[in-house]
Each structure stands twice: as structure tokens, then as C-alpha cells.
Amino acid sequence: MAPGAGADMVEAARAARGHGGRGEQEQQHSLHQRKVNGTATTMKQNGHDDDAVDTPWSKAGIPFDVEIPSNKAMQQHPICQDSGEDEGGLYKAHLPRANLAVSKECPFGTQTNNWAKQHRNYSTLQQHCLFFDPDNDGVIWPSDTFRGLWQLGYPVIVIVLATVIIHAGFSWFSSDNWLLPDPFFRLTLKNAHRSKHGSDTHVFDQEGRFHPALFENIFTKYDRERKGGLTFMDGMRMLYGNRVVADFAGYLAGFVEWVLTYLLVAKDGIVYKDDLRKVYDGSIFFEIAGKKDGHY
């Protein structure tokens, strides 16, 4: 190799990379402009514009596909594409809420009895559990769960089975002691996020926040008749769609949660959207118990 040839090759490679980098930036800027204008229907390839096929998403100004027409799973389970933000609805649905359970119809969470403001220091998942901690000491005993389910009007056999499954399944994970399980099978409220199981909707994230877009997806995917809620079999299809490989504990936990939810809030065979939202933040437990006691 001639002297200096290596250096020349290095410089040529750098120049090529720099040219390629500028081209990439220009291409991304072009696509960004098309996204802003709501007309992203083509992509640059080899310096030429290829005409893209019109889809419901390109016509709506979405610069990418959210479903593939030939993909059966995507067609059967469409996602929520409109959070109603443009009409003053749900703001930034992709961002989880730390202490609110929200929807397009209820973008500021539960306001009845000033719920959202009074419980702003609890995560949404912790709010879900508050009804079962009547003395507010942050610890839920099996007897607390039994009492709470009894107040909500469940049959005794359901109460016993649910109490055993909940405390046997979640006590160790919510404990401060990772070495030994709690001999009393108590649940620790501050560690409620540790009890999140698999094969679920992921509406609660790993830290106990509420994910609005995934909550909306429940209904776009499984409320096929757009009736505003889920039948029992819609919920079973949801459980089937959320399953992950070999997660038998998650299957069981999800099934128990759905059965308890359906028995508690179904009206005319349907779990309506806002009732399910209030199950997530736990406010509906106080509402139902209060009505039974005549205090709500």
C-alpha cells in the first residue's frame, strides 16, 4: 500500500459517514414535517419517493401503520387511536398517571366526594387497596380482606377462596422481608406494586401508576359491539389475549380478579367502562359499601 493511502481511506470513510449522517437527518426531518402536516404517506428510498398505499391511518394523518390488514391478531384486537385530546378529552393518554384512574370520558379521575384530591399521596394501585385497610395503618390482614369482601356483599365461599388466594399469593412479595414470608400472610400497602402479576392488562405499571392508553385498549379490543362495557365472555377473551407463556400464577390471579369484578359491578350482564375505571382506583368499593350501609 502506498504511503498515505491508509489515511486517505480513513478520510474517505469519514466523509461517507458524514454524508450518510446528513442524509439520514434530512430524511428524518422530511418525515417529521410530513407528520406535522398530517400527510405522511410516502418514504424516501434511494433518493426517490415511492407512492404509499392509502390506509385508514394515513388518511387520518397518522404517519405510520398501527395495524396490518393481513394480520388477524391485529384486526381482531384494534388499539385505541383517539383519546379525544383534540376535543378537550384525555390529555397525553400515553403518559401514565401516578395517582389517578382516568378515561376519555373522565379525564380528571374520580371527583365524587373529592376522591382524587384526598388520595393524591397514594399511587393508583395503593388506592385500589385502601378499602381493605380500614384502620389506615398500611397493613392489610386476611381478616381485613375478609371483612371488606363481606361488606361488598360477596357470598361466603367466594370470600374465603378469594382471601386465601390473595394473601397466599401476594403476601411475600409485598413484605419488607425478602428472606422469609410473613407468618400472618399480611399485605404491606407501600409495597403493593411488588405484587403486580403477569398475564394482566398492564394498566397498572411496575410502580403502581395507571396507564390510560392501555385502559382504553381494553374496550377497543374486547368490546366488539361497542356497548360501553364487557360481558363475562368479553372478559374471558381479554384474559386469553393477555396470557403469557407458562404464567400459571398470572392466569389464576387474572381469573380471580375478573370474577370478583364481574360479580361486584356487572349490571345487566355488563361491566361498564366507568365502573371498571373506579375499580382500578378503588373508589367504587367505598361507594358500594356505603350504599349498602345507607351512608353514600
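Located above this text is the structure these notes cover.
The structure displayed is predicted, hence computed values, not measured ones. The residue numbering used here restarts from 1 in each chain and proceeds along that chain's sequence as written. Where totals are concerned, whole chains, interfaces and linings use all residues; where local detail is concerned, this predicted model gives features only for residues with pLDDT of at least 70, and gives and counts side-chain atom pairs only at 80 or more. To get the side-chain values, all heavy atoms of the structure are used, and hydrogens and water are removed first.

Enquirer: Would you explain the overall build of the protein in this entry?
Expert: Think of it this way: any DSSP run of H or I at least four residues long counts as a helix, any run of E at least two long counts as a strand, and we number them from the N terminus. When you go through the protein residue by residue, the secondary structure sums to 12 helices and 6 strands. Buried, partly exposed and exposed residues are distinguished by accessible area as a fraction of the type maximum, computed with a 1.4 Å probe on protein chains only: under 20%, between the cut-offs, and over 50%, respectively. Looking at the protein residue by residue over its 296 residues, the buried ones come to 39%. Across the protein, contacts joining residues at least 24 apart in sequence account for 49% of those joining residues at least 6 apart. Methods summary: accessible areas were calculated by the Shrake-Rupley approach with a probe of 1.4 Å, and residue burial reflects only the protein chains presented. Of the roughly 17,600 Å² of accessible surface on the protein, 58% is carried by carbon and sulfur atoms. Pairs of residues are marked as contacts when any of their non-hydrogen atoms sit within 4.5 Å.

Enquirer: Would you mind showing me how to read helix H7 (residues 156-174) here?
Expert: Because an α-helix packs 3.6 residues into every turn, residues spaced three or four apart end up facing the same way. For H7, spanning 19 residues, the distance from its first C-alpha to its last is 26 Å, which sits close to the expected 27 Å at 1.5 Å a residue. Residue His 167 marks the point of greatest curvature in H7, where the axis turns by about 25°. Listed as buried for H7 are Ile 159, Ala 162, Thr 163, His 167, Phe 170, Ser 171 and Ser 174. In this structure, the buried residues of H7 make contact with strand S3 (139-140), helix H6 (142-151), strand S4 (187-188) and helix H10 (248-265). Each helix should span, by expectation, one fewer than its residue count multiplied by 1.5 Å. At every residue, the bend is computed as the angle between two fitted axes, covering the seven residues ending there and the seven beginning there respectively.

Enquirer: I would appreciate a short explanation of the side chain of Asn 191 in the present structure.
Expert: As for its placement among the helices and strands, Asn 191 is situated in the loop between S4 and helix H8 (212-222). Relative accessible area serves as the criterion here: at 5%, Asn 191 is assigned to the buried category. Counted as a polar contact is a pair of N or O atoms within 3.5 Å, where, for protein atoms, one must be capable of donating a hydrogen and the other of accepting one, and residues adjacent in sequence contribute only when both atoms are in side chains. Of the polar contacts made by the side chain of Asn 191, one reaches the backbone oxygen of Ser 174; its length is 2.9 Å. Ignoring anything within four residues of it in the chain, the contact list for Asn 191 reads Ser 174, Ser 175 and Asp 176.

Enquirer: Hey, could you run me through the side chain of Asp 223 in this one?
Expert: On the secondary structure map, Asp 223 appears in the loop between H8 and strand S5 (229-230). Exposure remark for Asp 223: the relative accessible area of 3% places this residue in the buried category. Only 3.4 Å separates the side chain of Asp 223 from the backbone nitrogen of Gly 229, close enough to count as a polar contact. Filtering out sequence-adjacent residues up to four positions away, Asp 223 remains in contact with Ile 218, Gly 228, Gly 229 and Leu 230.

Enquirer: How should I be thinking about the packing of aromatic side chains in this particular structure?
Expert: Aromatic ring pairs are reported here in terms of the distance separating the ring centres and the angle at which the planes meet. Between rings of Phe, Tyr and Trp, where Trp is taken as its six-membered ring, a pair exists when centres lie within 6.5 Å; planes separated by under 30 degrees are stacked, by over 60 edge-to-face, and by other angles tilted. Applying the stated criterion to the full structure yields 16 aromatic pairs. Ring centres 5.2 Å apart and planes at 90° place the aromatic pair Phe 131 and Phe 286 in the edge-to-face group. Residue Phe 131 is found in the loop between helix H5 (124-129) and S3, and its partner Phe 286 is found in helix H12 (residues 283-293); the two are separated by 155 residues along the sequence. Ring centres of Phe 210 and Phe 215 lie 5.5 Å apart, and the angle between their planes is 50°; on these two criteria the pair is classed as tilted. Per residue, the accessibility class of Phe 210 equals that of Phe 215, and both read buried.

Enquirer: Sorry, what's going on with unusual backbone geometry here?
Expert: Outside of glycine, negative phi angles account for most residues, and trans bonds account for most peptide bonds. Non-glycine residue Asn 113 carries a positive phi angle of around 55°. Within the secondary structure, Asn 113 is located in the loop between helix H3 (72-76) and helix H4 (115-118). The backbone of Asn 136 sits at a positive phi, close to 55°, despite the residue not being glycine. For Asn 136, a relative accessible area of 57% translates into the label exposed.

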